[in-house]
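What follows is each chain in one-letter form.
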Amino acid sequence: MFSTEFLDIPPLTEAAGTVRLPGSKSISNRVLLLAALASGTTTVHDLLDSDDTRVMLTALAQLGCRIEQGDGTLRITGLGGKLSTPQAKLFMGNAGTAMRPLTAALSLLGGDFELSGVPRMHERPIGDLVDALTQLGCHIDYLGNPGYPPLRIHPVTLQSLHLDAPIRVRGDVSSQFLTALLMALPLASYRDITIDVVGELISKPYIEITLNLLARFGIHVRREGWQRFTIPAGSQYQSPGEIHVEADASSASYFIALGAIASEGLRIEGVGAESIQGDIRFVEAAAQMGARIQSGPNWLQVSRGAWPLKAITLDCNHIPDAAMTLAVMALYADGPTTLTNIASWRVKETDRIDAMANELAKLGAKVEAGPDFIRVFPLPADGWRAASIKTYDDHRVAMCFSLAAFNPASIPVRVLDPHCVAKTFPDYFETLFSVVKPLSVPVICIDGPTASGKGTLAVEVAHELGYHYLDSGALYRVTGLAMRRAGLDADPAHETQIADLARTLPLRFDAGKAMLAGEDVTDAIRSEAAGMDASRVSALPAVRAALTELQISFRRLPGLVADGRDMGTVIFPDAPLKVFLTASAAQRAERRHKQLISKGISTTLDSLRSDLEARDLRDSSRSVAPLKPAEDARRLDNSTLSIEQSVDQVLNWWQQAQPFQAAPTKASP
Ligand SMILES: Nc1ncnc2c1ncn2[C@@H]1O[C@H](COP(=O)(O)OP(=O)(O)OP(=O)(O)O)[C@@H](O)[C@H]1O
Ligand SMILES: Nc1ccn([C@H]2C[C@H](O)[C@@H](COP(=O)(O)O)O2)c(=O)n1
């Protein structure tokens, strides 16, 4: 997951391969609550692990449910309709799928509860649900603005509820209100309970998911059209024992769009034609825009059909979440695309109509929007602009705008606060990067002499940008260690054997540790002697050649920061930023001295200085790939700079090389 301030997605050209999607948020949170209300233990397979499901799980644990994590499964032992913890303060984050159903369930369970969330949750309406529950005899107070969380729920007895008349709930603001009642009322079903929907019910497919899952837990709701729902007297929750969560159909929309825009064949696994999720009908919308789609029970295969995509006008009431993806696909269409009946976008994680309109306009698009529609005009190749996409703490904004990286102008896209995808798809960008082909992967090279601070700087810069990191020196150090262990010497007579060792190193980097054939050699390769051995083996041309491919393989999306001696001159000559980092020999010796002393290794300043000077001399005077600045390298002498100042300088240089306007980094020193 990317927890950086922003994520720059380089221009992308194609997509191919297979993605397996995480579990559906809507199904996961419903299943968790139903399992918690039921008697018995439910084993849940493929549950989504995300911010919203964690919020639900934490609340259920607070309420006294037993929750056990297994290998890819979660076991939850339900309350059987009876509270074991009658009082709690529950934090719902920004999870509507937790806030609404828990409000209803807890109102009937008879305890004293406080439910709150993040500031945006306190702007998301809940008044219609509270009105319905109050009508029923439940006792709920608003702790902030009337009609919105936070809420205080007071205990009531089931016998005191007014179940004789139908319970009326509005269906035209959020279908979650009806879902919440449908999941809560079986707790009170000592007689038939009828719910009447007031107004046109939106997002009906979500109600179908609710009804489907209720049936799995033993509750068979009778439905008259979409206006009246009856929970039969005597309904009782019963765990189904095992339940599988299918992959998220809304999450599939990004990959369906990806296939339509840029693939000759992208396979999506975990969700397909037999999905119970309404957003699976995104498939029809994408096909209307030109995507070629084949499907099986739980898979989809998508490729580009019509190109440019075909503009559409579509009532999106049945696919409110996935429809956001259509708004970005519209940029690649042959005319304006109009998405209607999307008023619910305005009360989601953010006002999604405004958010989409603002950010699409930043890309250069003409957009028209109203209370319940958005019209997006396609962008010609010369109309695209580099944009920093604000994501409004809305996972779907972040995910759908990643598709803008396929723009024909080959402009990168900056996604601010990429971490927001954690709400439903924590590994979204990693999954995307596993199937797309970039025009080029950006690399920042940091070369320089020993102990100049290359590694420290490179790690920090990589961390800030969410890039991969290559410590090329470690490869030579491990090769030196392998040479010693094989009883060889770093001289030309053993060059071929050492090169063979280098080519087949069973080396893995794991959480900053160097693992050689499963052995942690991180400390062993950090000694001064290991540095000298590395310097010696690195002067052998066959060894350098043997390690080239491995180093190049580190160049992966979204980018790489590589430190060494020849990163900018030999391994990544096309890198857009090359830094040659130096510091005085005295400073370097002092830093290394401090470093070694802090590790409990005793040494003297003088010997360190003469060792590092000898190493620099060997590294810069060898015949192949000698240590020297690339012609286009920027020089940075950090003798008098702190680590933070050096990092800021490199990030500023990087920012200057980007087309985005807003400077995201701190001021240069
Ligand atoms: N700008 C700086 N100011 C002060 N200390 C620094 C600075 N940069 C790095 N250091 C410190 O200097 C020491 C050496 O840094 P580092 O290991 O990153 O150097 P290096 O160039 O990667 O070395 P080598 O080439 O031997 O692997 C570390 O203890 C680090 O914290
Ligand atoms: N790109 C590189 C990286 C390293 N080496 C050699 C020369 C160094 O003295 C030695 C150890 O590197 P360090 O870990 O200190 O960065 O490895 C090289 O030739 N080319």
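From a predicted model like this one, the values you see are computed outputs, not experimental measurements.

1. A look at empty space enclosed by the protein
Okay, step 1: Applying the stated rule across the entire model yields 6 cavities of 30 Å³ or more.
Okay, step 2: The volume enclosed by the largest cavity comes to roughly 250 Å³.
Okay, step 3: Considering the residues around the largest cavity, the lining is formed by 26 residues, among which T97, Q176, Y206, D321 and K348 are closest to the centre.
Okay, step 4: Looking at the lining of the largest cavity, the elements with two or more residues in it are α1 (25-37), α3 (96-109) and α11 (395-401).
Okay, step 5: Class assignment for the residues of the lining of the largest cavity results in 5 nonpolar, 10 polar and 11 charged.
Okay, step 6: Composition of the lining of the largest cavity by domain shows at least three residues from each of domain 1 (6-22 + 251-438) and domain 2 (25-244).
Okay, step 7: Of the volumes computed, that of the second largest cavity is approximately 70 Å³.
Okay, step 8: S24, K25, S26, Y206, I209, D248, S250, Q277, G278, D279, D321 and R396 together form the lining of the second largest cavity.
Okay, step 9: Secondary structure elements with two or more residues in the lining of the second largest cavity: α1 and α6 (204-216).
Okay, step 10: Its residues placed into classes, the lining of the second largest cavity shows 2 nonpolar, 5 polar and 5 charged.
Okay, step 11: Two domains each donate at least three residues to the lining of the second largest cavity, and these are domain 1 (6-22 + 251-438) and domain 2 (25-244).

2. What to know about the site of ligand 1
Okay, step 1: Taken together, 19 residues are adjacent to ligand 1, and K454, G455, T456, R592 and L641 come closest.
Okay, step 2: A distance of 2.6 Å separates an oxygen atom of ligand 1 from a polar atom in the side chain of K454.
Okay, step 3: Note that an oxygen atom of ligand 1 is positioned 2.4 Å from one of the side-chain N or O atoms of T456.
Okay, step 4: Put simply, the parts of the chain that give the shell around ligand 1 at least two residues each are α13 (454-465), α19 (585-598) and α21 (643-656).
Okay, step 5: Residues of the shell around ligand 1, tallied by class, amount to 4 nonpolar, 9 polar and 6 charged.

3. Some remarks on the site of ligand 2
Okay, step 1: Residues in contact with ligand 2 amount to 16 residues; listed here are only the nearest, R477, R544, R615, D619 and R622.
Okay, step 2: Between an oxygen atom of ligand 2 and a side-chain N or O atom of R477, the distance comes to 2.6 Å.
Okay, step 3: A distance of 2.8 Å is found between an oxygen atom of ligand 2 and a side-chain nitrogen or oxygen belonging to R544.
Okay, step 4: If you list the elements that add at least two residues to the shell around ligand 2, you get α14 (472-485), α16 (528-538) and α20 (605-621).
Okay, step 5: It is α14 that provides the largest number of residues to the shell around ligand 2, a total of 4 residues.
Okay, step 6: In terms of residue class, the shell around ligand 2 is made up of 3 nonpolar, 5 polar and 8 charged.

4. Section: the UniProt feature "binding site: 3-phosphoshikimate" (unreviewed entry) in the chain
Okay, step 1: Under the UniProt annotation, the feature "binding site: 3-phosphoshikimate" (unreviewed entry) is placed at K25, S26, R30, S174, S175, Q176, S203, D321 and K348. Within the annotated group, the residues that form the lining of the largest cavity are K25, S26, R30, S174, S175, Q176, S203, D321 and K348.
Okay, step 2: With respect to the helices, strands and loops of the structure, S175 is situated in the loop between β10 (167-170) and α5 (176-184).
Okay, step 3: The class for S175 is buried, based on a relative accessible area of 6%.
Okay, step 4: Residues in contact with S175, not counting those within four places in the same chain, are L201, I202, S203, Y206 and I207.
Okay, step 5: Assignment of secondary structure puts K348 in the loop between β19 (337-340) and α10 (352-362).

5. Quick notes on the sheet that holds strand β21 (residues 373-376)
Okay, step 1: Taken in spatial order, the 4 strands of this open sheet run β18-β19-β21-β20, and their pairing is mixed. Two strands close off the open sheet at either side, each with one partner strand: β18 (313-315) and β20 (367-369). With direction set aside, neighbouring strand axes in the sheet form an average angle of 10°.
Okay, step 2: Bridge analysis of β20 against β21 gives 3 bridges, and the strand direction is antiparallel. The partner of V367 across the bridge, within β21, is V376.
Okay, step 3: Relative to the sheet, α10 contacts β20 and β21, its axis offset from that of β21 by approximately 15°.

6. Structural notes on the pattern of salt bridges
Okay, step 1: A complete count under the given rule lists 46 salt bridges for this structure.
Okay, step 2: Across the pair R20 and E269 runs a salt bridge, and its minimum N-O distance is 4.0 Å. Taken together, the positions of R20 in strand β2 (residues 12-20) and E269 in strand β15 (residues 263-269) put the pair 249 residues apart, joining distant regions of the chain.
Okay, step 3: Exposure remark for R20: the relative accessible area of 53% places this residue in the exposed category.

7. A short note on the side chain of S251
Okay, step 1: Among the secondary structure elements, S251 is positioned in helix α7 (residues 249-262).
Okay, step 2: If we ignore the near neighbours within four places in the chain, the residues touching S251 are L21, R396 and F425.

8. Notes on the packing of α14 against helix α15 (residues 495-503)
Two measures define how a pair of helices packs: the angle their axes make with one another and the distance between the axes.
Okay, step 1: Two numbers describe how α14 lies on α15: the axes approach to 9 Å, and their chain directions differ by 125°. Considering the angle they form, α14 stands oblique to α15. The element α14 and its partner α15 pack so that their crossing is right-handed. Between α14, through T479, A482 and M483, and α15, the contact on the second element is made entirely by I498, L501 and A502.
Okay, step 2: Residue composition of the contact of α14 with α15, by class: 5 nonpolar, 1 polar and no charged.

Parameters and conventions
- Residues numbered from 1 in each chain as written.
- Chains lettered and ligands numbered in written order.
- Predicted model: local features only at pLDDT ≥ 70, side-chain atom pairs only at ≥ 80, totals over all residues.
- Heavy atoms only, no water.
- 1 Å grid on protein atoms, 1.4 Å probe; cavity = no way out; pocket = protein on both sides within 12 Å on 5 of 7 lines; lining within 4 Å.
- Points joined across faces, edges and corners; volume = space filled by probe spheres on them.
- Helix = DSSP H or I, 4+ residues; strand = E, 2+ residues; numbered from the N terminus.
- Nonpolar A, V, L, I, M, F, W, Y, C, P; charged D, E, K, R; others polar.
- Domains from an automatic or database assignment.
- Near = heavy atom within 4 Å.
- Polar contact = N/O pair within 3.5 Å; in protein donor to acceptor, adjacent residues only side chain to side chain.
- UniProt positions renumbered as here; feature names shortened; annotations may be inferred.
- Buried < 20%, exposed > 50% of the residue type's maximum accessible area, 1.4 Å probe, protein only.
- Contact = heavy atoms within 4.5 Å.
- Pairing = 2+ DSSP bridges.
- Axes fitted to C-alpha atoms, helices over the stretch in contact; angles between N-to-C directions.
- Salt bridge = Lys/Arg side-chain N within 4 Å of Asp/Glu carboxyl O.
- Parallel < 35°, antiparallel > 145°, perpendicular 65-115°, else oblique.
- Left-handed = near helix turned anticlockwise from the far one by under 90°.

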